[in-house]
Amino acid sequence: MNTSTQAAALAMFPLQAHALGFAAGEKQILDGVDLRLERGSFTAVLGPNGAGKSVLMRLLHGLLVPTTGRVQWGGLETRPAQQAMLFQRPVMLRRSVLGNVIYGLHVQGVAAAEARQRAQAALARVGLVHLADRPARVLSGGEQQRVALARAVALEPAILFLDEPTASLDPVATRAIEATLAELHAQGTTIVMVTHHLGQARRLAQDIVFVQEGRVTEHTPATEFFRQPRSTAASDFLQEELP
Amino acid sequence: MNTFSDSFSTALSLLLNADAHLYGIVGLSLRVSCIAVLLAAVFALPLGAMLAVSKFPGSRTLTVLINGFMGLPAVVVGLAVYLLLSRAGPLGQLGLLFTPTAMSIAQAVLVFPLIAAITRQIVEDAWLEYTEQLQSLGTSNWQAALTLLWDTRWSLSTVMLAGFGRAIAEVGAVMIVGGNIEGVTRVMTTAIALETSKGDLPLALGLGIVLVVIVLVLNAIAHFIRSWAARGGWK
């Protein structure tokens with residue numbers, strides 16, 4: 001990252017949601033969400049299925065336009081480019097593994113030679129250099145998610161959103177993703193991740209946002225959350241945890 | 001059945017002896033239809049892709065129209081292009097009527113809706129899968145359309161082959177705008193129609209065999225591309 005992009009990354013934070021709401025037709029999916037995420041934080045978004053976690057991520061990332069309230073980046077409403085998102089099901093373009101990673105850089109206007117170099121570095125980071133020339137769509141789910149992660153990492157985002165990135169992956173692939181996330185966070189990337197895996201939230205997150213029935217019931221430091229959540233919804237949720 | 005077997009053996013000898021007259025007609029057919037498909041594709045591919053990725057005023061109507069026009073009767077297309085290109089028509093000054101160019105234009109008009117409609121369908125299917133990821137990366141509509149055209153290139157190449165198959169096999173449009181002039185605008189289908197009515201069955205049958213073989217080979221290539229692309233994860 002050069003100094004101007006670094007300055008831009010500084011100016012992006014805090015990321016704030018003000019009375020954020022989203023309705024699909026008659027159905028109110030998210031309502032009255034106030035949230036403040038600081039630079040360099042690692043936030044896990046927890047909550048039951050259908051609580052509105054994914055919609056919250058998409059609103060913050062800018063894939064959805066809120067029906068009420070607003071999202072602000074460092075006090076402004078313009079959507080910064082330095083962000084990336086990983087989806088539960090990785091979307092692989094009909095290209096090679098390297099081609100998939102280069103594509104993201106290409107869209108952001110990075111010159112071909114530099115894009116290639118950065119893409120290769122990103123693949124090295126997720127341990128997939130040996131698959132660079134393979135068509136991405138024939139890889140396993142775990143490998144595809146790592147390609148998606150490399151594609152995101154190559155963009156050097158100031159903030160990375162993840163929507164249940166390891167939900168359908170085996171433990172080995174999950175560990176590989178978690179290791180890269182921890183590394184990215186240590187290097188200063190702000191991370192927001194939806195997960196159903198409480199152990200994962202414990203291992204990685206600094207703070208927890210708990211969502212239930214379209215509302216954020218609490219935003220608590222992780223250690224405190226797992227010791228004693230503030231909201232009854234969250235404590236009920238934690239008690240349901242399987243061994 | 002004597003006529004058939006006699007004609008058949010004469011047709012085969014024409015084919016095997018590389019009869020110049022016969023292969024001249026085949027060559028013109030291939031040329032006219034190739035140009036027609038390329039001409040149609042230049043407009044149909046971007047239109048199909050744009051209809052798939054962006055909803056603009058009238059896009060739905062346009063989609064319905066294009067789908068409906070997939071089954072346009074060739075003679076009607078021929079008539080319309082004839083009116084455009086005839087001396088008194090709006091493009092009459094170009095003097096294109098009764099030339100191979102006119103035939104290519106007519107076939108291009110004929111296969112344009114076919115290529116545009118199937119392109120829209122293929123691109124839209126891929127777009128449904130890609131939407132969130134491309135929006136997340138910050139891709140504009142134009143970039144998305146180009147990305148999808150590139151990513152579905154193997155499926156689209158089979159669409160082009162289908163368009164070519166329709167173009168080279170049609171007779172009504174090229175008959176009207178080409179005029180079936182020997183050595184100038186006589187293609188396989190118009191020659192078959194003429195030679196049959198004249199009673200020169202061997203030549204008609206020889207051309208018929210070539211035409212069928214071309215269509216079969218096209219379909220075989222399309223099938224091969226589809227299965228190869230699916231196996232390699234390119235589809």
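So, how was this worked out
- Within each chain, residue numbers correspond to sequence positions counted from 1 in written order.
- Working convention: letters from A go to chains and numbers from 1 go to ligands, in the order in which they are written.
- Where totals are concerned, whole chains, interfaces and linings use all residues; where local detail is concerned, this predicted model gives features only for residues with pLDDT of at least 70, and gives and counts side-chain atom pairs only at 80 or more.
- Only hydrogens and water are set aside when side-chain values are computed; all heavy atoms of the structure are taken into account.
- Only protein chains enter the calculation, and the probe is 1.4 Å; a residue is then buried if its accessible area is under 20% of its type maximum, exposed if over 50%, and partly exposed in between.
- Only DSSP runs of H or I reaching four residues or more are called helices, and only runs of E reaching two or more are called strands; each is numbered from the N terminus.
- Only when DSSP finds a minimum of two bridges between them are two strands counted as paired.
- Whether two residues are in contact is decided by their heavy atoms, any of which lying within 4.5 Å being enough.
- Under the pairing criterion, centres of Phe, Tyr and Trp rings, with the six-membered ring standing for Trp, must be within 6.5 Å; the plane angle then separates stacked pairs below 30 degrees from edge-to-face pairs above 60, leaving the rest tilted.
- By definition, being over a ring means that NZ of Lys or CZ of Arg is both within 6 Å of the ring centre and within 35 degrees of the ring normal.
- A pairing counts as a salt bridge when a side-chain nitrogen of Lys or Arg comes within 4 Å of a carboxyl oxygen of Asp or Glu.
- Working convention: axes come from line fits to C-alpha atoms, limited for helices to the stretch in contact. Angles between N-to-C directions cover 0 to 180 degrees.
- Whenever two N or O atoms come within 3.5 Å, that pair is a polar contact, provided that in protein one can donate a hydrogen and the other can accept it, and provided that, for residues adjacent in sequence, both atoms are side-chain atoms.

### What about the pairing of strand β6 (residues 159-163) of chain A?
Along any regular strand the residues' side chains alternate between the sheet's two faces.
Residue and element names in this part refer to chain A.
Then comes step 1: Among the five residues that make up β6, five are buried, leaving the element largely enclosed by the rest of the structure.
Then comes step 2: Of the two faces of β6, the one carrying Ile159, Phe161 and Asp163 and the one carrying Leu160 and Leu162 are both buried.
Then comes step 3: In this structure, strand β5 (residues 83-86) lies alongside β6, joined through four bridges in parallel fashion. Bridge pairing links Ala84 to Leu160 in β6.

### Let's talk about the side chain of A:Ser235
Residues and elements named next belong to chain A.
Then comes step 1: By the element assignment, Ser235 lies in helix α9 (residues 232-239).
Then comes step 2: By relative accessible area, which is 18% here, Ser235 ends up buried.
Then comes step 3: Each residue touching Ser235, except ones within four places of it in the same chain, is listed here: Gln228 and Pro229.

### Let's talk about the packing of aromatic side chains
Think of a pair of aromatic rings as described by two things: how far the centres are apart, and how the planes are tilted against each other in angle.
Then comes step 1: Tallied over the entire structure, the rule returns five aromatic pairs over all chains.
Then comes step 2: Seen in terms of ring centroids, A:Phe210 and A:Phe237 are 5.2 Å apart; in terms of plane orientation they differ by 65°. Their pairing is edge-to-face. Here A:Phe210 is found in strand β8 (residues 207-212), whereas its partner A:Phe237 is found in helix α9, with 27 residues between them in sequence. The same class applies to A:Phe210 as to A:Phe237, namely buried.
Then comes step 3: Look at B:Tyr82 and B:Phe98: their rings are 6.4 Å apart centre to centre, the planes differ by 65°, and that puts the pair in the edge-to-face class. In this pair, B:Tyr82 sits in helix α4 (residues 74-85) while B:Phe98 sits in the loop between α4 and α5 (100-137), placing the two residues 16 residues apart along the sequence.
Then comes step 4: Residue classification places B:Tyr82 among the partly exposed positions, given a relative accessible area of 30%.
Then comes step 5: Of the aromatic side chains, those joined through ring pairs into one cluster are A:Phe210, A:Phe225, A:Phe226 and A:Phe237.
Then comes step 6: The ring of B:Trp150 has B:Arg153 lying over it, and the distance from NZ or CZ to the ring centre is 4.0 Å.

### Describing the pattern of salt bridges
Two side chains with opposite charge may pair up if their charged atoms get near one another.
Then comes step 1: Applying the stated criterion across every chain yields a total of 17 salt bridges over all chains.
Then comes step 2: Note that A:Arg203 and A:Glu178 form a salt bridge whose closest N and O atoms lie 2.8 Å from each other. Here the residue A:Arg203 occupies a position in helix α7 (residues 198-204), and A:Glu178 occupies one in helix α6 (residues 171-186), the gap between them amounting to 25 residues.
Then comes step 3: A:Arg230 is the partner of A:Glu224 in a salt bridge, and the nearest nitrogen-oxygen pair spans 3.0 Å.
Then comes step 4: Classification of A:Glu224 as partly exposed rests on a relative accessible area of 26%.
Then comes step 5: Judged by its relative accessible area of 55%, A:Arg230 falls in the exposed class.
Then comes step 6: Because the salt bridges share partners, they merge into one network encompassing B:Glu182, B:Arg186, B:Glu195 and B:Lys198.

### Observations regarding the sheet that holds strand β1 (residues 15-24) of chain A
Residue and element names in this part refer to chain A.
Then comes step 1: Pairing in this open sheet of three strands is antiparallel, and the strands run β2-β1-β4 from one edge to the other. At either margin of the open sheet sits one strand with a lone partner, and together these are β2 (27-37) and β4 (68-73). Looking at each pair of strands side by side, their axes are set apart by 20° on average, direction ignored.
Then comes step 2: Direction of pairing for β1 relative to β2: antiparallel, over a ladder of seven bridges. Counted as the bridge partner of Leu15 is Leu37 from β2.
Then comes step 3: In the packing of helix α2 (residues 53-61) onto the sheet, the strands contacted are β1, β2 and β4, and the crossing angle to β2 comes to about 60°.

### A look at the interface of chain A and chain B
Then comes step 1: Counting residues at the interface gives 23 residues for chain A and 21 residues for chain B.
Then comes step 2: Taken together, the connections running from chain A to chain B amount to four salt bridges.
Then comes step 3: A salt bridge links A:Arg137 to B:Glu129; its shortest N-O distance comes to 3.0 Å.
Then comes step 4: In this assembly, chain A and chain B are joined by eight residue pairs in polar contact (both at pLDDT 80 or more).

### Things to note about unusual backbone geometry
All names here are of chain A.
Then comes step 1: Note that the residue after Phe13, namely Pro14, is joined by a cis bond; omega there is 0°.
Then comes step 2: Along the chain, Pro14 falls in the loop between α1 (3-11) and β1.
Then comes step 3: Notably, Glu164 is not glycine yet its phi reads approximately 45°, a positive angle.
Then comes step 4: Along the chain, Glu164 falls in the loop between β6 and α6.

What is shown is where atoms sit, not what they do.
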